[in-house]
Structures are given as structure tokens and as C-alpha cells.
Amino acid sequence: MTRPSAPEDGHPPAPGRAAGAGGLPRPVVRLGRSATPYTFVSPFFLLFAAFGLFPLIYTAWVSLHDWNLLSSENPFIGLENYGELFADGYFWNAAFNTLSIGLLSAIPQLALALVLAHLLNRPLRAQTMWRITLLLPNVTSVVAVVVIFSQLFGREFGLVNLVLGVFGVDPVNWQADVASSHIAIALMIMWRWTGYNALIYLAAMQAVPRELYEAATIDGASGARQLRRITIPMIRPTIIFTVIVTTIGSMQIIAEPLLFGAQVSNGASVTGGTDRQFQTLALYLYEKGFRSFEFGYASAAAWVMFLLVILVVGVNYLVVRRMRGGLE
């Protein structure tokens, strides 16, 4: 039997300093193994701290000052910007418009995406073509989408009013009224994002065991019943994810109303129409920050908007979580 060779100096290695992989001390090796996962994820947190956390904290600091780019002095005023913001009727009008457009676009969008994903989850010819077709609206330029929809919703020569006229409905000035403008913008958002959410649902449905559908078919369950009793409960985490992401996106709508108002006039693009009938919170923030250069006031609006997003997302999350009992 061969004995292990002793060190050249004749002394055994000191306790706790036994060599590990590569001749390094074992504590160093253990530290390296435990720190490796944090090293891999650290770039995200560094970027988030630089471009997410720091701007958030700095915006809170700016909101406590009378910060105007046209002035060389930015005095500290405490919470005066927030008090003025909550007393501004235009802010609450923008909050109502944002909530209205968000509800009109998010609920039908997710419901339609779920139905489309359920249909595409069945054996179909040219499945790849259908899936690519669903994604085309999402990769289309938002400018092109709004310009085309603005022409469709034109009062004099719009295709929508032409179809309504066939049924005896008078032409609708889609950009003039609150309800009509919200419906038009919501349809733009739905057309652009429904296919994207449908592909997310379809990816989740691919993981549902096929045996469940086969057993349900043998029992005589219809496609709608399978969707309600099997598909929705099985992909519930994905549904919660899309609800949260869609809610955040709905609270940050800016491109569609901005370009939709530009079809009326340059001034109406930022104010969301001549009477602010479709000005959203993001448009209101843009108006105060980059038209009036009131950065302190705009920063206060940004922080209130951030808190409203958290509140609405939390309410939606609780509602979806409580709905699971009725879906199972």
C-alpha cells in the first residue's frame, strides 16, 4: 500500500488550510462557489441601480424643489408640488382617461388573446404561419398603426363611419368626444398587443398535459368547457403575469394618444385633444416636464403615477388571485 507523500519541508499542511481545487485554500474555494451565482446576476442589479433606482430617488428629490429649467435657482419647497398636483383638475382628468382607456383595452385584449391561444393550441395546418401572423401587429411601428387607425376613424372619409352609415348610424367624430376617443385608442392598443399576449398564453398551454384534454374529450366536454375547467386553471400563473404587465403598460400609455391628437393639431397632441378628452397621465407628465419645463412639478406627477401603478397592479393581482376559486 502506497503512503501519501509528505510535503517537501517535512511538515503537514496547517489545519483549515488544506489545498482545494487549483491549489487554493478550501475557504477560498467555498467562497468562490457561493459568490459565483451573485456574480452572474450582478450586471442586472448594477444596471438597475444606475438606470432605475438612482433616477427614482433623484426624481423624488427634484419633486421637493421648485425646479424649472428656465430658472437658475431651484429652491426647496417641500410637498408644495404634491399639494398643487392633487388640486389640479387636469391631473385627475388624465388619471380618469388613463383608467378608462386601460380598462377598455386590457380586459377585451386578454380575453381575446386567451381564446386565440386556445384555438391555436389545436392541431391546425400551417401553425407557424398563424403564429407569425399574430406577432406582426406587435412588430409594426406604432406611428404607422396610429396613422392608419386615424384614417379608419376619420369623420368624413373614415372606413368605420362608412360601415356605420350602412346601418343608418350618423358619422361619429371619434376624436371629439371622451367615449369615442377612448374606444378608438383602446382598439389601437388591442390590435397591437392581443397577438403578443396570445403567444404567451399559447406557450403556457403547450406545457399542459395532453392527457387532460383527451380525458375531457372522452367525457364529452366541449372546447369552451375545457378552456374554463382545464386550460385557465393550469396556466393561472401566466394569466397573472400578463394581467400585471398589461396593467403597467396601460398606466403608461403615451404614443397612441400623442399621435392620435396630432391628427387634429400640434397643440392637441400633447393635451390629448382640444378639451383634454384623451390626455393620459404620461401625456400630462410630458406636457409639464417638456413643454412647460416644470421639472419639479413633473417629478411629483411621476412619483404619484408610480404609486398609482403599484396600487392598480396590487388590486388586479388580488382580484385575479381570488378568481381562481371560481375557475377551478
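Every value quoted in this text rests on a predicted model; they were computed, and no experiment measured them. (Residues numbered from 1 in each chain as written. Predicted model: local features only at pLDDT ≥ 70, side-chain atom pairs only at ≥ 80, totals over all residues. Heavy atoms only, no water.)

(A) Region of the structure containing the overall build of the protein chain. Along the protein chain, the regular secondary structure elements total 14 helices and zero strands. Reading the secondary structure of the protein chain in the N-to-C direction produces α-α-α-α-α-α-α-α-α-α-α-α-α-α. Residue burial in the protein chain is summarised as follows: out of 328 residues, 34% are buried. (Helix = DSSP H or I, 4+ residues; strand = E, 2+ residues; numbered from the N terminus. Buried < 20%, exposed > 50% of the residue type's maximum accessible area, 1.4 Å probe, protein only.)

(B) Seen up close, the nonpolar core. Within the largest apolar cluster, 22 residues are counted, with the highest numbers of intra-cluster contacts made by L114, Y201, M205, I235 and I239. Of all elements in the fold, only α3 (89-120), α7 (178-205), α8 (210-218), α9 (223-234) and α10 (236-250) reach the threshold of two or more residues within this core. Ignoring any residue separated from it by four or fewer positions in sequence, one finds I239 in contact with Y201 and I232. By size, the runner-up hydrophobic cluster in this structure holds 16 residues, among which are F91, M251, Y297 and A301. (Core = buried A, V, L, I, M, F, W, Y, C linked by side-chain atoms within 4.5 Å. Contact = heavy atoms within 4.5 Å.)

(C) Structural view of the confidence of the model for the protein chain. Averaged over all residues, the pLDDT of the protein chain is 84; the fraction at 70 or higher stands at 88%. Confidence, read as mean pLDDT per element, is least for helix α12 (residues 266-271) in the protein chain (76) and greatest for helix α2 (residues 80-86) (93). (pLDDT = per-residue confidence, 0-100.)

(D) Quick look at the packing of α3 against α10. The contact between α3 and α10 brings their axes to 9 Å, and the two run at 150°. The handedness of the crossing between α3 and α10 is right-handed. Counting all contacts with α3, which are made through T98, G102, S105, A106, Q109 and L110, the residues of α10 involved are T242, V243, T246 and S250. Along the lines of polarity and charge, the residues of the contact of α3 with α10 split into three nonpolar, seven polar and no charged. (Axes fitted to C-alpha atoms, helices over the stretch in contact; angles between N-to-C directions. Left-handed = near helix turned anticlockwise from the far one by under 90°. Nonpolar A, V, L, I, M, F, W, Y, C, P; charged D, E, K, R; others polar.)

(E) Structural view of unusual backbone geometry. Its identity as a non-glycine residue notwithstanding, R276 has a phi of 60°, on the positive side. Note on placement: R276 falls in the loop between α12 and α13 (281-290). Taking the relative accessible area as the measure of exposure, R276 reaches 13% and is therefore buried. Non-glycine residue F293 carries a positive phi angle of around 60°. Secondary-structure assignment places F293 in the loop between α13 and α14 (295-327). A relative accessible area of 31% means that F293 is categorised as partly exposed.

(F) Quick peek at the packing of aromatic side chains. With the rule as written, the count across this model stands at 17 aromatic pairs. With 6.3 Å between their ring centres and 15° between their planes, F44 and F48 make a pair best called stacked. Within this pair, F44 and its partner F48 are both found in helix α1 (residues 26-62), separated by four residues, close to a single helical turn. On the accessibility criterion, F44 (54% relative accessible area) is exposed. Note on W303 and F306: the rings are 5.4 Å apart at their centroids and 80° apart in plane angle, and the pair reads as edge-to-face. Taken together, the positions of W303 and F306, both in helix α14 and three residues apart, correspond to about one turn of that helix. Here the basic side chain of R276 rests over the ring of Y90, its NZ or CZ set 4.0 Å away from the ring centre. (Phe/Tyr/Trp six-rings, centres within 6.5 Å; stacked < 30°, edge-to-face > 60°. Lys NZ or Arg CZ within 6 Å of the ring centre and 35° of its normal.)

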